[in-house]
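For reference, the chains in residue letters:
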Number of protein chains: 2
Amino acid sequence: MAVTIRDVARASGVHISTVSRTFSAPHLVNPETRSRVLATAEQLGYRPNRAARALITGRTHNIGLIVADIANPFFPPLIKAAETHARRRDYHVFVADTDEDPIVELDLVQALAKQVDGILLCSPRMSDDQIEQVRREVPLVVVNRMITGLPAVVMDVGHGAREAVRHLLGLGHRHLVYLAGPRGSWTNREIRRAAGATTRAAGADLTVLGPNQPVEETGAAAAEAVLRTGATAVLAYNDLMAIGLLQSLQDRGVDVPGQVSVVGIDDIAYSGLVRPRLTTVANPTAAAGRTAVDMLLQQGDDGATGQVTLRTDLIIRNSTGPGPYAPAVALNAEVAATVKE
Amino acid sequence: MAVTIRDVARASGVHISTVSRTFSAPHLVNPETRSRVLATAEQLGYRPNRAARALITGRTHNIGLIVADIANPFFPPLIKAAETHARRRDYHVFVADTDEDPIVELDLVQALAKQVDGILLCSPRMSDDQIEQVRREVPLVVVNRMITGLPAVVMDVGHGAREAVRHLLGLGHRHLVYLAGPRGSWTNREIRRAAGATTRAAGADLTVLGPNQPVEETGAAAAEAVLRTGATAVLAYNDLMAIGLLQSLQDRGVDVPGQVSVVGIDDIAYSGLVRPRLTTVANPTAAAGRTAVDMLLQQGDDGATGQVTLRTDLIIRNSTGPGPYAPAVALNAEVAATVKE
DNA sequence: CTCCATTCGGCAAACGTTTGCAACAGATTA
DNA sequence: TAATCTGTTGCAAACGTTTGCCGAATGGAG
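Here the residue index of a chain counts from 1 through its sequence in written order. For naming, the first written chain is A and the first written ligand is 1, with later ones following in the order written. Side-chain atom pairs in this predicted model are given and counted only at pLDDT of 80 or more, local residue features only at pLDDT of at least 70, and totals for whole chains, interfaces and linings cover all residues.

**Observations concerning the protein's contact with DNA strand C**
Each residue receives a C-beta atom placed from its backbone. It is near a molecule or strand if this atom lies within 6 Å of it. In the region of DNA strand C, 25 residues are neighbours, and A:Ile5, A:Ser17, A:Ser20, B:His15 and B:Thr33 sit closest. In this text, helices come from DSSP runs of H or I with a minimum length of four residues, and strands from runs of E with a minimum of two, each type numbered from the N-terminal end. For the surface near DNA strand C, the secondary structure elements donating two or more residues are helix 2 (16-24) and helix 4 (50-57) of chain A together with helix 2 (16-24) and helix 4 (50-57) of chain B. Here the nonpolar group is Ala, Val, Leu, Ile, Met, Phe, Trp, Tyr, Cys and Pro; Asp, Glu, Lys and Arg are the charged ones; every other residue, Gly included, is treated as polar. Tallied by class, the residues present in the surface near DNA strand C amount to twelve nonpolar, eleven polar and two charged.

**A look at the relation of the copies chain B and chain A**
In this comparison the copies share one frame, found by least squares on the C-alpha atoms of residues holding pLDDT of at least 70 in both. Relative to chain A, chain B is turned by 180° and slid 0.0 Å along the rotation axis, the superposed coordinates differing by an RMSD of 0.0 Å. Those values place the two copies in the arrangement expected of a two-fold rotation axis. With an isologous cut-off of 70% or more, the 97% of interface residues of chain B that recur at the interface of chain A puts this contact in the isologous class. By the convention adopted here, residues make contact when the C-beta atoms placed from their backbones lie within 7 Å.

**Re the interface of chain B and chain A**
In this complex, chain B contributes 35 residues to the contact, which on the side of chain A involves 34 residues. Listing elements by their share of the side of chain B that touches chain A, those giving two or more residues are helix 4, helix 5 (75-88), strand 2 (92-97), helix 6 (102-113) and helix 12 (239-251) of chain B. For the side of chain B that touches chain A, the class distribution of residues is 20 nonpolar, seven polar and eight charged.

**Overview of the packing of helix 5 of chain B against helix 13 (residues 285-299) of chain B**
All names here are of chain B. Orientation is described by lines fitted to C-alpha atoms, with helices fitted over the stretch in contact, and by angles between N-to-C directions that extend from 0 to 180 degrees. Across the interface, helix 5 lies against helix 13 with an axial gap of 7 Å and an inter-helix angle of 40°. The handedness of the crossing between helix 5 and helix 13 comes out as right-handed. Of the residues in helix 13, those touching helix 5 at Pro-77, Leu-78, Ile-79, Ala-81, Ala-82, His-85 and Ala-86 are Thr-285, Ala-286, Ala-288, Gly-289, Arg-290, Ala-292 and Val-293. Taken together, the residues of the contact of helix 5 with helix 13 sort by class into ten nonpolar, three polar and one charged. Crossing handedness follows the turn of the near helix against the far one: under a right angle anticlockwise gives a left-handed crossing, and clockwise gives a right-handed one.

**Notes on the sheet that holds strand 9 (residues 261-266) of chain A**
Residues and elements named next belong to chain A. Spatially, six strands are ordered 7-6-8-9-10-12 in an open sheet, and the strand pairing comes out mixed. At either end of the open sheet lies a strand with only one pairing partner, and these are strand 7 (205-209) and strand 12 (313-315). Each adjacent strand pair in this sheet contributes to an overall mean axis angle of 20°, direction not counted. Strand pairing is assigned whenever DSSP detects at least two bridges linking the two strands. Relative to strand 9, strand 8 (residues 233-236) runs parallel, the two sharing three bridges. In the strand pairing of strand 9, Val-234 is matched with Val-262. Against the sheet, helix 9 (residues 186-201) makes contact with strand 6 (175-179), strand 7, strand 8 and strand 9, and its axis sits at roughly 160° relative to strand 7, the strand it touches most. In the packing of helix 12 (residues 239-251) onto the sheet, contacts are made with strand 6, strand 8, strand 9 and strand 10 (279-282), and the angle to strand 9 comes to roughly 155°.

**Notes on unusual backbone geometry**
Residue and element names in this part refer to chain A. In the segment running from Gly-210 into Pro-211, the intervening peptide bond is cis, with an omega of 5°. Of note, Pro-211 is situated in the loop between strand 7 and helix 10 (216-221). Omega for the bond connecting Arg-275 with Pro-276 falls within 30 degrees of zero, at -5°, which places this linkage in the cis form. Looking at the element boundaries, Pro-276 is found in the loop between strand 9 and strand 10. In this structure, Asp-90 takes a positive phi of about 70° despite not being glycine. Tracing the sequence through the fold places Asp-90 in the loop between helix 5 (75-88) and strand 2 (92-97).

What follows is the structure, given as structure tokens:
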């Protein structure tokens, strides 16, 4: 039914091994023969069967990409960049969604293990132990998680969180809320730690609300709790929650940033579209996707197991403004900065 | 290195064919033997090699999912639903992104063809001829495109567009703009046709602006052109463009919906988050993803080649309001409807 | 006790490639 | 002229499964 290497061999009067070499080791075959084989292959519409090739070479030329939630706008740019980058290197990508469930995640990794040359684990929710265990079954690169000895690319979200908190403190806020993300998220712990340390160092207060599922609804649902704390500024685990909160606050007649300032994290496409436009920490997700693919594909060559940290940047927009203790001078400076964008 | 069927056979003292049957035809093996084999398999950490299985059965248990742009928020919910649904049926999903390029799309289909049991082509940009050609290489289900004889699931966007135009006409608008989508999009042609017919039937005017890439930037860039037409209402190819336009109009001091009404299509997650909240046509993308997977997997059994049409609904929010010819009565009714949400 | 039916498990071929080895021709070297 | 080398091709085994076929064992019927 499908045209195989054998059909091409017969049609061009050579042995199948010559046809094989024409594709996988062209320099070993006479240019004349090669072009003849290529011509008949083209004419017959031959395409190598990757499964058969994988069986004998042990390399599938496929990679797995596992994310917590495809519909979370944080991931699509990463998936897109990774897929495009992988394809350029002649790899195809299995994409799978764990729905934020560590058990599904584990199942998925094991199911995919035999079928791919490696797996990109993005924002995994599994425990370190589980990850350590599966890395013995399949080459792994994790994104947004730091595990010693495991190749990883992380966005330096701690730095972003510190910048965000400093920005808020500089605006004269003295009581902040951290609207936490999901349990099991390394990013969540990093943000929490960075925000806590920075607030404490300045003698200000930080209230942590959570853990929460990282979706808009929980952000909206948290509005009441946020207001009860009496805080005047909120740092959210991600933009989705920040936007939910923003909207919910406005529905309650709370002025943002007049009464409460809100900062998100990720800089998803929509954070610039809501009103007020969201102040947020930009994550280089596309670069992370490409880097992770590169690391995964190089992993075969040497055993190099680097950990790449990508820079994050605070983007100041209109959802943050002066707090109750705003010093006149700083206030002007910050307002100027805010107005600019 | 990896544990194979042979290792399991040796360890449990049976022939490899028995091990094979234990997994692929359990009823043919003695329950006692079966449980013994399963136990040692479990203990050894055996997992069937899908490539080898595919080689002999001809079924890979993989499907391909090709979309125009992963980062376009229209697609992630579809991808997510399709992937989850496929996995439940023990299929893995290759996801690939064509960047709206028909040539890349064709390459992709052919590259994936040998590696999957079928391909889901979402909003393809290829010509009908090209699609006809590749469908001979691999089972296909198309989403959002109607080609006779080819299994398809389409969202009845024509219906949605008619509803949207009627809504605008009812509000007293007499000159509309259709902000068109990309060339090669079936959806685009459907909307254009439906909008044209409905406007014409009412004796109103429709100006078509386009074709355009279906992204926010082109929506924003079109603001000037929209204003020049003198139209008071705009239907956009998708929410992304509608949102871009919305924002650009506001930046120019144009009140929406006071001076210009804007309607989008898709109801992506963010259309409810921008201000004013976007009136739009909701597409059941998740259902489309699931249905498409079902159709693809059933295709093997019989040759059934249905075409499923999914309903779309107009969601009236705040980006549409009375036009210059608003009849007092209709105006009140519509305003009431608008305020409700 | 014999015969037949049924159940179970082994044997071996096959799927479409890759690849080490050997064969051969022609060219180069001593 | 013989020996060696180089470039090109063929041969056959191997990768990890599935599956049609056959034989052995078991048990029930007569």
